[in-house]
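Inside the fold
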Amino acid sequence: MTDTVRRVQYFYVEAPDKPGEGAKLLTMLKEAGVDLLAFSGFPKGRRAQIDFIPADQAAFRAAVRKAKLKLVGPKTGFLVQGDDRVGAAAELMTKLADAGINVTAVDAVAAGAGRYGAILWVKPRDVNKAAKALGAS
């Protein structure tokens, strides 16, 4: 099976960089019935940036609005899913390198049951070029 690469819209919020903040955000989304395709969090100065790739943007926006959070986005990224194999991430990165595209950030993980997934971001000016290089839908 080949990899499936999807161009996706992501959003982010900033939160205090302290224990429990991510759990609080994820619980709020869970209680609102929001399904996430992916999320990633990392420190940003003295705060944390939490990126979300929702399955349903309207439901996500409504939940965030109800929680009175400051939302940034949508911005574009890529969601990759496929059969796990040695070098899967190297193949993705090589396609982008060969196209002259610098990757802003990437997270990849073995998902179990022989599957893997990745989310990656490129500069806005490179999104269309990256989509073509990756064969994104």
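See the structure above.
Residues numbered from 1 in each chain as written. Predicted model: local features only at pLDDT ≥ 70, side-chain atom pairs only at ≥ 80, totals over all residues. Heavy atoms only, no water.

1. Describing helix α4 (residues 127–134)
Quick note on the threshold: Categorising residues by exposure relies on relative accessible area from a 1.4 Å probe, with only protein chains included: less than 20% of the type maximum marks a residue as buried, more than 50% marks it as exposed, and the intermediate range marks it as partly exposed. Strands here are runs of E lasting at least two residues and helices are runs of H or I lasting at least four, both read from the DSSP assignment and numbered beginning at the N terminus. Directions pointing from the helix axis toward each C-beta atom define the arc. Two residues form a contact once any of their heavy atoms are found within 4.5 Å.
Listing the buried residues of α4 in full gives V127, A130, A131 and L134. Along α4, the residues classed as buried sweep out an arc of 105 degrees about the axis, all on the same side. Exposed positions of α4 whose direction lies more than 90 degrees from the buried face are N128 and K132. Looking at the buried residues of α4, the elements they touch are β1 (4–16), β4 (72–83), α3 (88–98) and β6 (115–122).

2. Section: the pattern of salt bridges
Filter applied, for reference: The salt bridge definition used is simple: a Lys or Arg side-chain nitrogen within 4 Å of an Asp or Glu carboxyl oxygen.
All chains considered together, the criterion is met by 6 salt bridges. Of the charged contacts in the structure, one is a salt bridge between R47 and E14, with a shortest N-O distance of 3.7 Å. Here R47, found in strand β3 (residues 47–54), pairs with E14, found in strand β1; they are 33 residues apart in sequence, far enough to count as distant. Judged by relative accessible area, which is 35%, E14 ranks as partly exposed. With a closest N to O distance of 2.7 Å, R85 and E91 form a salt bridge. The exposure class of R85 is partly exposed, given its relative accessible area of 30%.

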